[in-house]
Structures are given as C-alpha cells and as structure tokens.
Amino acid sequence: MEMFSLKGRVALVTGASRGLGFAMARALGQAGAFVLVNGRDPATLEAAAARLAGEGIGAGIAPFDVADPTGREAGMAAAIAARGRLDILVGNAGVQHRAPLADWRREDFGRVVEANLTACFFLAQAAAPAMRANGYGRMIFTTSITGIIGRETIHAYVASKTGLAGLTRSLAAELGRDAITCNSIAPGYFKTEMNERLLADQAFVDKINARVALRRWAEPAELGGAAVFLASPAGGYVTGHQLVVDGGLTSTLTM
Ligand SMILES: NC(=O)c1ccc[n+]([C@@H]2O[C@H](COP(=O)([O-])OP(=O)(O)OC[C@H]3O[C@@H](n4cnc5c(N)ncnc54)[C@H](OP(=O)(O)O)[C@@H]3O)[C@@H](O)[C@H]2O)c1
C-alpha cells in the first residue's frame, strides 16, 4: 500500500473553480485521484478542469449550486454516476457576509448557513451510500479557524463553521462502522478571492502577519497536503478530527 496514493479513487471537491477548493483538487489529483470540480458556473469549471488536465490530472466537472436542494440532489447523483463511484468528498464551497450586528437580516444569515453548513450535511447524506459500497470513504469539510475562535461582524460564518466542526464529529460517529472517515480542515488566512478585500488593506495584512507564528499569509497550495493526508490510506485511522492549518494563529500568542 502506498501511504499517500489516491490512485483509482474518485474525488468530488465543491467550490473548486478557484481558491482553496482548486488547490485541494489539484493536490488530490497529483496524488492519483480522478477529481470532479464543483462550482456554480460550468464555463469556469471547464477552464479549471482543463488546467488540471493540462498538468496530467484526470478531471471532470460537476456543476451545481450546493445551496440549492434540487440542484444539489441531481448534481450529486450525476457526480456519482460520472465515474460509477465516489471515494472522497471535499465539502469546501463556502460564502461570507460581513455586517455589524444591527444590520444583519434573516436572509443574510440563512444564506450563509445554507451554503456553509446545511449543504455539507446533505452532500454527506448523498455521498455515504456510494462510499459504503466501495468500502472506502473520506469526507473532508473546510471549516475555518473561526470554527474555534470568534470574530466580529461575521456572525453567520462563525456559527456555520463551528456547526460544521460539530457535524464532522456526528458524521464520524455514525459512518465509522462503514469504513468512512469524516474530518475537517480549518484554514487560517489564505490568499484567495474570498479575502480580496482584506488583502487590499496592507495594514490588515501586516496585522495578521504579526499575529501568526509563521509571520505570513498562506498560499492556497499549502492546504493540499492536509487534504491528501486525510483522503489517503495515511489518514485511515483519523476521524472526527479538525486539522488546523493556520501557521500557528490559534495555538500561539505572538505580539
Ligand atoms: N481563504 C481563506 O483564508 C479561508 C480561511 C478559512 C476558511 N476558508 C473556507 O475555505 C473555503 C474556500 O474558500 P476560498 O477562500 O477558496 O473562497 P473563494 O475563493 O471565494 O472560492 C469559493 C469557491 O466556492 C464556490 N462556491 C461558492 N458558493 C457556491 C455554491 N453555492 N455552490 C457551489 N459552489 C460555490 C465558488 O465558485 P462559483 O462562485 O464559481 O460558484 C468558488 O469555487 C470556504 O468554505 C471558506 O469559508 C477560507
């Protein structure tokens, strides 16, 4: 057994048209998996899959909106049918909303929770039978360090990511008997489009650099190793865990 090999495995990564999802899809592909990249726009996904194929990675697209129940159900069925199996699910698609407490509306809160938390539950429900049939299953959810520590203005995001860490554990408890592991990855500050506004503010960038033990923001590719570890035989006895990849932000007090 090659410890980190994903040869013969099929992975679906949601929110993989760019950012952390694309980086994790690429890493899983480099380890040998066939990767299905998900997002809402087929054209963007075709471009992402072509980029991966150009690197020698087997890739296909799985376009659907994870927050739309009907589209999600049909999209998951199509994704599983595409290669006749599903071994790895990376529930990564996520959205953000920032506002002072008084300005939050019910629909803002609901939209974030639906995409970041509720969608992952139903993705897992749809993926479990296929994984059970394979005798091999890996569910990986992208949480956040805000699944551990709070931050002002992003209330629904913090609530959804904390909830997703809990969902990871309840799924692990139920699916372990079927040889399916469920873990989450909690990234710190990565240079992606989601953080575009923060990255444009040099004072904020510097503040994070000072607060992180490694004294810098992360590149998206730096999340790939964690995903490969949890998806591969190497991570076979790890379940219910939240793997923090934050340069030491939550484990150290730097000043
Ligand atoms: N960047 C960070 O520092 C950081 C830190 C902690 C946690 N995270 C988490 O990591 C994940 C990825 O973040 P990122 O920084 O890579 O974000 P990003 O650059 O904004 O990318 C988000 C991805 O999700 C897709 N997406 C958004 N809503 C979707 C939906 N309803 N259905 C399907 N796909 C959807 C987007 O594609 P389309 O728009 O084309 O649909 C895109 O591929 C998120 O869950 C985020 O909360 C990020």
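Relevant structure appears above.
A brief look at the structure comes next. (Residues numbered from 1 in each chain as written. Predicted model: local features only at pLDDT ≥ 70, side-chain atom pairs only at ≥ 80, totals over all residues.)

This part is about the overall build of the protein chain. Counting its secondary structure elements, the protein chain contains eight helices and seven strands. A compact globule built from 255 residues would reach a C-alpha radius of gyration of about 18 Å, and the protein chain, at 17 Å, matches this within 12%. Principal axes of the C-alpha set define a box for the protein chain whose edges measure 50 × 40 × 40 Å. Relative to its full complement of 255 residues, the protein chain shows a buried share of 45%. Restricting to contacts in the protein chain with at least 6 residues of sequence separation, those with at least 24 account for 73%. (Helix = DSSP H or I, 4+ residues; strand = E, 2+ residues; numbered from the N terminus. Rg over C-alpha atoms; globule rule 2.2 N^0.38 Å. Buried ≥ 20, exposed ≤ 12 C-beta atoms within 10 Å, placed from the backbone. Contact = placed C-beta atoms within 7 Å.)

Moving on to the site of the ligand. Taken together, 30 residues form the shell around the ligand, and within it G15, G19, R40, G94 and T192 come nearest. The set of elements that each furnish at least two residues to the shell around the ligand consists of α1 (19-30) and β2 (34-39). By residue number, the principal contributor to the shell around the ligand is α1, which donates three residues. Its residues assigned to classes, the shell around the ligand comprises eleven nonpolar, 14 polar and five charged. (Near = placed C-beta within 6 Å. Nonpolar A, V, L, I, M, F, W, Y, C, P; charged D, E, K, R; others polar.)

Only one face of strand β7 (residues 242-245) is covered, namely the face carrying Q242 and V244; the face carrying L243 and V245 is uncovered. Pairing between strand β6 (residues 180-187) and β7: four bridges, direction parallel. Directly across from A186, in β7, lies its bridge partner V244. (Pairing = 2+ DSSP bridges.)

With that out of the way, let us pick up the packing of helix α4 (residues 106-134) against helix α5 (residues 155-175). α5 packs onto α4 with a crossing angle of 15° between their chain directions and a minimal axis gap of 9 Å. In terms of axis orientation, α4 runs roughly parallel to α5. Note that α4 runs across α5; the crossing there is right-handed. Facing α4, whose interface residues are D108, F109, V112, V113, N116, L117, C120, F121, A124 and A128, α5 presents A156, Y157, A159, S160, K161, G163, L164, L167, L171 and L175. Of the residues in the contact of α4 with α5, the class split is 15 nonpolar, three polar and two charged. (Axes fitted to C-alpha atoms, helices over the stretch in contact; angles between N-to-C directions. Parallel < 35°, antiparallel > 145°, perpendicular 65-115°, else oblique. Left-handed = near helix turned anticlockwise from the far one by under 90°.)

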